[in-house]
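Residue-level listing of the chains:
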Amino acid sequence: MSLPQLPPFPASRPRRLRRTAALRRLVGEVTVRPSDLVLPMFVREGIDEPVPIGSMPGVVQHSLDSLAKAAREAVTAGVGGVMLFGVPEHKDARGSGADDPDGILNVGLRRLRDELGDDTVLMADLCLDEFTDHGHCGVLDERGGVDNDATLERYAAMGLAQAAAGAHLLGTSGMMDGQVAAVRQALDAAGHVDTGILAYAPKYSSGFYGPFREAVNSSLQGDRASYQQDATRTVADALAEVALDVGEGADVVMVKPALPYLDILRAVADASPVPVAAYQISGEYAMVEAAVANGWLDRERVMLETLTSIRRAGASVILTYWASEAATLLR
Ligand code: PBG
């Protein structure tokens, strides 16, 4: 964009349109609708009462009952969807709980689908890190690296279990090459042609995922830099990942994290042929909540400002831990 040619002051006085709330409302452009928001939720196996997540004040690991209740409240508030993560009691090297129909994530999905039917969009995190004892997003090879192609088989099985449990959209978040195609092919072969894929693309290796580790009781040592994207790469790397995922059958693509990557979000939104989502992740939430707890930020104001910024950068859909509350404020 080039700079506009405007008559100089005093002919131009931009403050005229900022003078009253009514004027600002009239010329306001970017709006966030409750139905654009998606609430990420955690369901933990073997608990009867919700367990607070210390680094995410106000967010909990749900029991099955509290999950159903909170999801219903989110839908009543006008939220457009929920994204479910599972926290299993037992983890192992291959993440067996992920594709077990009795695994907590699949049980939670069935419960939500029974409870909510098609009233909201039910999404499932499709990744192994919540289920593996080493905390990586895939299975490991004999040298301890994440084995891409062996992981694809696990993702395909996981996708089938989630589709059978009633998820509308599967969130492929593990950043294995070929993961969208592997899941799409498995779904189609089993007749789940209407189950969609929300592909995390681009997804960056980020320090802002920190609180999520506590949220899913992760035992990860080290990081995910060998599979998640590198923040020092420019937008071409982001668009390449989006192109691959769309080519493999992604129905929606999602940029993650959101706030530190708004430049990437803008570029993806301009180029993507499919709807674009953005995930305001655990660390983005935690840093605002921590400042609010110190009395340093106005919570509601900053909450809505961040969501507006993500929307302005081009996201049609926003995943945020504030979804229910923001939806209520925005109505
Ligand atoms: C992978 C996954 C993660 C998040 C969403 N899906 C963890 C990771 O990539 O390390 C993070 C969400 C958040 O931080 O709020 N299962």
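Residues numbered from 1 in each chain as written. Predicted model: local features only at pLDDT ≥ 70, side-chain atom pairs only at ≥ 80, totals over all residues.

Q: How should I be thinking about the UniProt feature "binding site: Mg(2+)" (unreviewed entry) in the protein chain in this particular structure?
A: Here, UniProt's "binding site: Mg(2+)" (unreviewed entry) annotation points to Glu241. Inspection of the secondary structure puts Glu241 in helix H7 (residues 235-247). For Glu241, a count of 21 C-beta atoms within 10 Å gives the class buried. With residues near it in sequence (within four places) discarded, Glu241 still touches Ala201, Pro202 and Gln229. (UniProt positions renumbered as here; feature names shortened; annotations may be inferred. Helix = DSSP H or I, 4+ residues; strand = E, 2+ residues; numbered from the N terminus. Buried ≥ 20, exposed ≤ 12 C-beta atoms within 10 Å, placed from the backbone. Contact = placed C-beta atoms within 7 Å.)

Q: Would you mind going over the site of the ligand with me for this structure?
A: Neighbouring the ligand are Asp125, Cys127, Asp129, Glu130, Cys137, Ser173, Tyr209, Phe212, Arg224, Ile281 and Ser282. Of the residues belonging to the shell around the ligand, the class tally is five nonpolar, two polar and four charged. (Near = placed C-beta within 6 Å. Nonpolar A, V, L, I, M, F, W, Y, C, P; charged D, E, K, R; others polar.)

Q: Looking at this model, I keep getting lost on the pairing of strand S9 (residues 276-279). Mind explaining?
A: The two faces of a sheet get side chains in turn, since along a regular strand they alternate between them. Neither face of S9 is left uncovered, since the one carrying Val276 and Ala278 and the one carrying Ala277 and Tyr279 both have all their residues buried. Taken together, the three bridges between strand S8 (residues 252-256) and S9 define a ladder with parallel strand orientation. By the bridge assignment, Val255 is partnered in S9 with Ala278. For the crossover that starts at S8, traverses helix H8 (residues 262-271) and ends in the parallel S9, the hand is right-handed. Judged from the three bridges that link them, S9 and strand S10 (residues 317-319) form a sheet pairing that is parallel. Within S10, the residue paired with Ala278 across the bridge is Ile318. (Pairing = 2+ DSSP bridges. Right-handed = clockwise from strand over helix to strand, strands pointing away.)

Q: Explain the UniProt feature "binding site: 5-aminolevulinate 1" (unreviewed entry) in the protein chain to me, please; I cannot follow it from the model alone.
A: With numbering matched to this structure, UniProt assigns "binding site: 5-aminolevulinate 1" (unreviewed entry) to Arg213 and Arg224. Looking at the element boundaries, Arg213 is found in helix H6 (residues 210-215). Residue Arg213 is classed as partly exposed on the basis of its C-beta count, with 15 C-beta atoms lying within 10 Å. In contact with Arg213, other than residues within four places in its own chain, are Ser218 and Leu220.

Q: When you look at unusual backbone geometry in this model, what are you seeing that I'm missing?
A: Leaving glycine aside, a negative phi is the common case for residues, and trans is the common case for peptide bonds. Put simply, Ala201 and Pro202 share a cis peptide bond, and its omega is -5°. Its place among the elements puts Pro202 in strand S7 (residues 196-203). Put simply, Lys256 and Pro257 share a cis peptide bond, and its omega is -10°. Mapped onto the elements, Pro257 comes out in the loop between S8 and H8. You will see that Met175, though not glycine, has its phi angle at about 60°, which is positive. With respect to the helices and strands, Met175 occurs in the loop between strand S6 (169-172) and helix H5 (179-189). Note on Met175: 25 C-beta atoms within 10 Å, which makes it buried. The residue Asn217 is not glycine, and still its phi comes out positive at about 50°. On the basis of neighbour counts, which here come to 17 C-beta atoms within 10 Å, the residue Asn217 falls in the partly exposed class.

Q: When you look at the environment of Gln162 in this model, what are you seeing that I'm missing?
A: Note that Gln162 resides in helix H4 (residues 148-164). Assessed through the 30 C-beta atoms surrounding it within 10 Å, Gln162 is described here as buried. C-alpha separation for the pair Gln162 and Val268, spaced 106 residues apart in sequence, amounts to 27 Å.

Q: Could you clarify how one ought to interpret helix H10 (residues 299-312) in this entry?
A: Residues lying three or four places apart along an α-helix face the same way, a consequence of the helix completing one turn every 3.6 residues. Taking 1.5 Å as the rise per residue, H10 with 14 residues should run 20 Å; its terminal C-alpha atoms sit 20 Å apart, in good agreement. When we look at burial in H10, the residues that qualify are Met303, Thr306, Leu307 and Ile310. Mapping the buried residues of H10 onto a view down its axis gives an arc of 95°, with all of them on the same face. In the core, the buried residues of H10 are packed alongside S9, S10 and helix H11 (323-330). Phi for Gly314, located one or two positions after H10, is positive at around 120°. (Expected span 1.5 Å × (residues − 1). Arc of directions from axis to C-beta.)

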